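Here's the letter readout for the chains.
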Amino acid sequence: MKKYMILLWAVSYLLGCTAQPETADEKYKASADSHAMEEKSHVEEEEHDHSNEEEENHDILDEEHDHTNEKEEHPDEIVFSRQQAQAAGLEVQEIVPESFTGVIRTGGQIRPLQGGETTLAATADGIVTFANPSMAPGMALSTGETVLVLSAQKVQNGDPTVKIRNEYVAAEKAYQRAEALAKDRIVSAKELEEARLRYENARTAYDAQVAEITPKGVAVKAPVNGYVRNIMVGQGEYVTMGQPLMVLTGTRRLQLRAEVSENYFGMLNHVRGANFILSYSDKTYKLADLNGRLVSFGKSADAAGFYIPVTFEFDNPGEMVPGAFAEVFLLTAPQEGVIAVPRSALTEEQGLYFVYLQLGDEVFKKQEVQIGTDDGERVAVLSGLKPGDKVVTKGVYQVKLAANSSVIPEGHSHSH
């Protein structure tokens, strides 16, 4: 038992020596090692965060690069929003091959029909006073409307209308007296006849003016509905009886006379109609819409100008003045399967022609085209377009302006 207690004490002593407390150096070393481990962990965390940040920045750069590549891939696209399109009244037409007539392009002039003009002449001597001080060529007049007044009240020789009235009254009395004296055979039959002739002539002159005599003078009225084509006298000018004052032209039917080069003589048999644009307007008129018809074409060229006249007749819509010049498009035999666009779809830059194609709801593209014949309303396109293309026909100018500041939107798509 004693031996067992001694052995137990020895083991306890040895264990106590082994578990002696740490020295200061050992404690410092342990603390340093722990701090180093913490710093290492912190550095690893920062490196991990920076790595994630670099990956995010790389993703952003990749996205910007994708958009840059997208812009570089479509540098000629134009953005035009739905709001802009609505404000501009944008209209788009899909290209479909169609029938298109051959065209002879030339010049011409609007003319009145033969016998469709009336010349107003002075019915008395006097000074001209226009009923409308703004009277000018092109003004419309109605039948019976007073055009001007001729007054001789302040003329040195007196008012001729007063003289005509006095002569009529005097001639009437002389004739009545001669009739009474003839019954008593105081005057001969010859003298009676002479008195009767003077009376008849005076009455004729008086009747011709009595209906037109006004307090201001003799009125000159329009005999037909029409337009003033030419004015031959001025306000305040003195005229004599019978002198031409102005020319009126009828309003219903007019002629279009085109002058065609003799080079096209062989094609004139194929002319079926015409379109034309007046020199003072951008509107295209179609003879087919104006009850027009081909009247004739010359069988030889004018020796002075080497041109062949082609004449049409049509109804005047009320806005054309005879004498006006026109750009004329003579329509010949049709051609099938032609790609054509309205004139309004084309823009011109330095001799080159362009249209604007719609690629998507808000995406457009400027497209160069080669054009062919022009009928005044539509233009044939030789190259640059194909069936199915969608061409802007109205609002072209607004799309052209948008091309200067167009930006490709993110995520846009094309729909052909």
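Note that this is a predicted model, so its numbers are computed, not measured.

Scanning the protein chain for helices and strands turns up 6 helices and 24 strands. For the protein chain, buried positions account for 32% of its 416 residues. The long-range fraction of contacts in the protein chain, counting pairs at least 24 apart against all pairs at least 6 apart in sequence, stands at 76%. For the protein chain, the exposed surface amounts to about 25,900 Å²; the carbon and sulfur share of it is 52%.

Here Asn316 lies in the loop between strand S17 (307–315) and strand S18 (325–338). The exposure class of Asn316 is buried, given its relative accessible area of 11%.

Read across the sheet, 7 strands follow the order S15-S14-S18-S3-S13-S17-S16 without closing on themselves; strand pairing throughout is antiparallel. Each of the sheet's edge strands pairs with one partner strand only, and the pair in question is strand S15 (284–286) and strand S16 (293–297). Across the sheet, the axes of successive neighbouring strands diverge by a mean angle of 35°, strand direction being ignored. Taken together, the 6 bridges between strand S14 (residues 273–278) and S18 define a ladder with antiparallel strand orientation. Paired with Gly273 across the strands is Leu331, a residue of S18.

Chain-level pLDDT for the protein chain is 78 on average; 73% of the residues reach the 70-or-more range. For residues 17–36, every residue scores under 50 in pLDDT, and the model assigns this stretch 1 contact once sequence neighbours within four places are set aside. Counting interchain partners and residues more than four positions distant, the pLDDT-below-50 stretch residues 406–416 has 22 contacts.

Attention shifts here to the packing of aromatic side chains. In total, this model carries 4 aromatic pairs according to the counting rule given. A centroid spacing of 5.6 Å and a plane angle of 10° characterise the contact between Tyr175 and Tyr199, whose relative ring orientation is stacked. Remark: Tyr199 occurs in helix H5 (residues 189–210) and Tyr175 occurs in helix H4 (residues 160–183); sequence separation between them is 24 residues. Residues Tyr175 and Tyr199 agree in their burial class; the two are buried. Taking the centre distance of 5.4 Å and the plane angle of 20° together, the rings of Phe276 and Tyr285 count as stacked. The burial state of Phe276 is the same as that of Tyr285; both residues are buried. Through pairs of rings, three or more aromatic residues link up here, namely Phe276, Tyr285 and Phe314. Above the plane of the ring of Phe354 lies Lys366, whose end atom (NZ or CZ) is 4.4 Å from the centre.

The next thing to look at is the environment of Arg82. Examined against the element boundaries, Arg82 turns out to sit in helix H3 (residues 82–88). Considering only alpha carbons, one finds Arg82 and Val363, 281 residues apart in sequence, at a separation of 10.0 Å. Excluding its chain neighbours within four sequence positions, the residues that come into contact with Arg82 are Asp361 and Glu362. At 3.3 Å, the side chain of Arg82 and the side chain of Glu362 are in polar contact.

For the rest of this paragraph, the subject is the pattern of salt bridges. Evaluated as defined, the whole model comprises 16 salt bridges. We note a salt bridge from Arg82 to Glu362, for which the minimum N-O separation is 3.3 Å. Placement of Arg82 in helix H3 and of Glu362 in the loop between strand S21 (352–358) and strand S22 (363–374) is noted, with a sequence separation of 280 residues between them. Residue class for Arg82 comes out partly exposed when judged on its relative accessible area of 49%. Relative accessible area serves as the criterion here: at 24%, Glu362 is assigned to the partly exposed category.

Here the focus is the pairing of S22. Where strand S1 (residues 77–79) lies against S22, 3 bridges are found, and the strand directions are antiparallel. Across the sheet, Glu77 pairs through a bridge with Lys365, a residue of S22. Judged from the 6 bridges that link them, S21 and S22 form a sheet pairing that is antiparallel. Following the sheet pairing, Tyr356 is matched in S22 by Lys366. Joining the antiparallel neighbours S21 and S22 is a turn of 4 residues. From the end of S22 to the start of strand S23 (residues 378–383), which pair antiparallel, there are 3 residues, and Gly376 there has a positive phi angle of about 90°.

Mapped onto the secondary structure, Leu150 falls in strand S7 (residues 146–151). The buried category is assigned to Leu150, whose relative accessible area is 2%. Spatially, the C-alpha atom of Leu150 lies 5.2 Å from that of Ile127, the residues being 23 residues apart in sequence. Those residues in contact with Leu150, other than ones at most four positions away along the chain, are Ala122, Thr123, Ala124, Gly126, Ile127, Val128, Gly217, Val218, Val220 and Val239.

The rules behind these values
Residues numbered from 1 in each chain as written. Predicted model: local features only at pLDDT ≥ 70, side-chain atom pairs only at ≥ 80, totals over all residues. Heavy atoms only, no water. Helix = DSSP H or I, 4+ residues; strand = E, 2+ residues; numbered from the N terminus. Buried < 20%, exposed > 50% of the residue type's maximum accessible area, 1.4 Å probe, protein only. Contact = heavy atoms within 4.5 Å. Areas by Shrake-Rupley, 256 points an atom, 1.4 Å probe, with all protein chains shown as cover. Pairing = 2+ DSSP bridges. Axes fitted to C-alpha atoms, helices over the stretch in contact; angles between N-to-C directions. pLDDT = per-residue confidence, 0-100. Phe/Tyr/Trp six-rings, centres within 6.5 Å; stacked < 30°, edge-to-face > 60°. Lys NZ or Arg CZ within 6 Å of the ring centre and 35° of its normal. Polar contact = N/O pair within 3.5 Å; in protein donor to acceptor, adjacent residues only side chain to side chain. Salt bridge = Lys/Arg side-chain N within 4 Å of Asp/Glu carboxyl O.

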